[in-house]
Amino acid sequence: QEKDSFETEIYEESGLFSMNNNPEQSEFLDRFTNRIMFPIHNERGQVIGFSGRIFQEAKDNFQSAKYLNTPETTLFNKGTVIYNFDKAKSAIRRENEAVIFEGYMDVISAWQAGVKNGIASMGTSLTEDQIKALDRFTDHVVLAFDGDDAGFEAIYRSANYLTDKTH
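The structure displayed is predicted, hence computed values, not measured ones.

Enquirer: Can you help me understand the packing of aromatic side chains in this one?
Expert: Between two aromatic rings, the relevant description is the distance of the centres plus the angle of the planes. By the definition in use, this model includes 5 aromatic pairs. Between F38 and Y104 the ring centres are 5.4 Å apart and the planes differ by 35°, which places this aromatic pair in the tilted class. Of this pair, F38 sits in strand β3 (residues 35-41) while Y104 sits in helix α3 (residues 104-112), and the two are 66 residues apart along the sequence. Residue F38 shares its accessibility class with Y104, and that shared class is buried. Taking the centre distance of 4.5 Å and the plane angle of 55° together, the rings of Y83 and Y104 count as tilted. Separated by 21 residues along the polypeptide, Y83 in strand β6 (residues 82-83) and Y104 in helix α3 bring together distant segments of the chain. Through a chain of ring-to-ring contacts, the aromatic side chains of F38, Y67, Y83 and Y104 assemble into a single cluster.

Shown next, in the form of structure tokens:
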């Protein structure tokens, strides 16, 4: 009995599973089924969470979010994490510039093209904690978001926030 209780607690705290809604047979389900997984690292390079991009629609036509992150856990707080920062921080310091992309795939594509100072926030808006982390390495930021309405809004919000927090 104790072992089952301990495992249930671990499953819940990990953020990798979710409980089904069937009262007759409760069980943990893989939160990231049919998703392409992106590990999320902290500044020291340790995996602290995941993001999954929908790969295959569910057979029951259930609509899911395009991206699904690990929920907030003791290890993962998306407002403090910068995607790819562990790999990009030395290039950011060397080039005295960070390029902030809108998404993970943008960062990965840029890295393959030689842009080693590319990062992404864990949403479309930067947080004060993320700006403080960046400020230790550079005071020059390039915003490279998508050219759609959401991207323009994110650029506007981020630029205003960066200006407010750095002056």
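Next, the rest of the story.
Enquirer: I would appreciate a short explanation of the sheet that holds strand β5 (residues 67-69) in the present structure.
Expert: Within a sheet, neighbouring strands are paired by backbone hydrogen bonds and run either parallel or antiparallel to one another. A sheet is described by the order of its strands in space; here 3 strands give the open sequence β3-β4-β5, paired in antiparallel fashion. Since the sheet does not close on itself, it has two edges, and those belong to β3 and β5, each with one partner. Along the sheet, successive strands turn relative to each other by an average axial angle of 25°, direction set aside. Where strand β4 (residues 47-54) and β5 come together, 3 bridges link them in antiparallel fashion. The residue of β5 that forms the bridge with S51 is N69. The strands touched by α3 within the sheet are β3, β4 and β5, with β3 carrying the most contacts at an inclination of about 75°.

Calculation notes
Residues numbered from 1 in each chain as written. Predicted model: local features only at pLDDT ≥ 70, side-chain atom pairs only at ≥ 80, totals over all residues. Heavy atoms only, no water. Phe/Tyr/Trp six-rings, centres within 6.5 Å; stacked < 30°, edge-to-face > 60°. Helix = DSSP H or I, 4+ residues; strand = E, 2+ residues; numbered from the N terminus. Buried < 20%, exposed > 50% of the residue type's maximum accessible area, 1.4 Å probe, protein only. Pairing = 2+ DSSP bridges. Axes fitted to C-alpha atoms, helices over the stretch in contact; angles between N-to-C directions. Contact = heavy atoms within 4.5 Å.

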